[in-house]
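Overview (structure and organization)
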Amino acid sequence: MSLKAGIVGLPNVGKSTLFNAITNQHILAENYPFATIDPNVGVVNVKDERLDQLASMYQPERVIPTSYEFTDIAGLVKGASKGEGLGNKFLANIRETDAIVEVVRCFEKGNIIHVDGSVDPIRDIETINLELAVSDLEVIQNRLDRISKKARTTKDKNDLLELEALEKARDSLEKNIPLRLLEFSEEEQKALKSYQFLTMKPMIYLANIAEDDLGKEENSYVKAVKEYAKKENSSVIVLCAKVEEELSELDEEDKKEMLEALGLSCSGLDSLVKATYDLLGLATYFTVGKDEVRAWTFHKGMNAKKCAGIIHTDFEKGFIKAEVISYQDLIECGSELKVKEAGKARLEGKDYIMQDGDICHFRFNV
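The sections below set out a description of the structure shown in this document. Just so it is clear, the model here is predicted, and its values are computed rather than measured.

Looking at where Leu269 falls in the secondary structure, it is placed in helix α10 (residues 268-279). The spacing of Leu269 and Ile22 is 247 residues in sequence and 6.9 Å in space, taken between C-alpha atoms.

Below, the structure written as structure tokens:
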């Protein structure tokens, strides 16, 4: 399952530095607007202590973690939806992501230029969110111009449903309400899905602070961002992108020492990945064996048959049963054999709802 998050923000807020930390790839990160022109895509392995424990138990030839794709997109500026700066090029890139991570500058530093001349995180957020909304409104209006007359003339049920959903979305955006805050019926969601509206995507605000602010009481900028996010039920992750970049270059032991010295229990990036997973309603199941121990990402609520299809479409087509044990039962019992002896191994059918931490072996016949 390919999962993507787009990293967006105004120029010089720390997006590219954050991206370096996420992927440990040293892309251009300079102190001037538009240092990142083409979207940079990197895949980060999702840290999961359960996978490490399973690898220790099975000693496989390969250990394959689940992963997440992050796209660093060139800095937005006011008027981007109208072609200012680099224009609609990166807005199209954002449409291809599952979620948006909006990096907000929450630090003062005189030698790092702010595109608007001063630090004001709420102004920055509103600038970006307005551009996303305007871009969505353009898409909606273009479609309404084509479909409205036809729908009212033919009375086609699907066209009328799409028309009503689009008008509902337009009215919301004109009131400065992002589409992710609206409740759409299942039918409306299907009618709008192909448009990949930017303001419908889940949002995480990432407050980028200075190293000197780590471990201290939240500064006024962070407090303002959290207050803003609270109003729209969005998450806020606080980190120092520069420190995260330094951490990404260390081995695990040195990283642990540095985190302890900074008074942190975990890195900001680990928190970001976890928050993104929670935001998208994701979970992990495992397959185990001597050849491979592997983590698989699925959407909460998916049944066993659909989850089997994540591995291969043949697994879904020919699904028979899923042999399932829970990670916790395996750890407590110490081996698969002892889990079975304890009567905790299960044989589940196609409608079984997969749980986070399930360890599965799928039976199928094609």
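Here the focus is the pattern of salt bridges. The full count for this structure, using the stated rule, is 23 salt bridges. A salt bridge links Arg123 to Asp124, with the nearest nitrogen and oxygen atoms 3.4 Å apart. For Arg123, a relative accessible area of 24% corresponds to the partly exposed category. Note on Asp124: relative accessible area 3%, which makes it buried. Notably, a salt bridge pairs Arg152 with Glu167, separated by 3.0 Å at the nearest N-O pair.

This part is about a negative patch on the surface. On the surface, Asp251, Glu253, Asp254, Glu257 and Glu260 cluster together to form a negatively charged patch. Tracing the sequence through the fold places Glu253 in helix α9 (residues 252-262).

Right, let's get into the state of the cysteines. Note on terminology: disulfide describes a covalent bond linking the sulfur atoms of two cysteines. Under the definition given, this model contains zero disulfides. Here Cys360 is not disulfide-linked; the sulfur of Cys307 is the nearest cysteine sulfur, at 7.4 Å.

So, how was this worked out
Residues numbered from 1 in each chain as written. Predicted model: local features only at pLDDT ≥ 70, side-chain atom pairs only at ≥ 80, totals over all residues. Heavy atoms only, no water. Helix = DSSP H or I, 4+ residues; strand = E, 2+ residues; numbered from the N terminus. Salt bridge = Lys/Arg side-chain N within 4 Å of Asp/Glu carboxyl O. Buried < 20%, exposed > 50% of the residue type's maximum accessible area, 1.4 Å probe, protein only. Patch = residues over 30% accessible without salt bridge, like charges linked within 9 Å, V, L, I, M, F, W, Y side chains within 5 Å. Areas by Shrake-Rupley, 256 points an atom, 1.4 Å probe, with all protein chains shown as cover. Lys, Arg positive; Asp, Glu negative; His and termini not counted. Charge placed at Lys NZ, Arg CZ, Asp CG, Glu CD. Disulfide = S-S within 2.5 Å.

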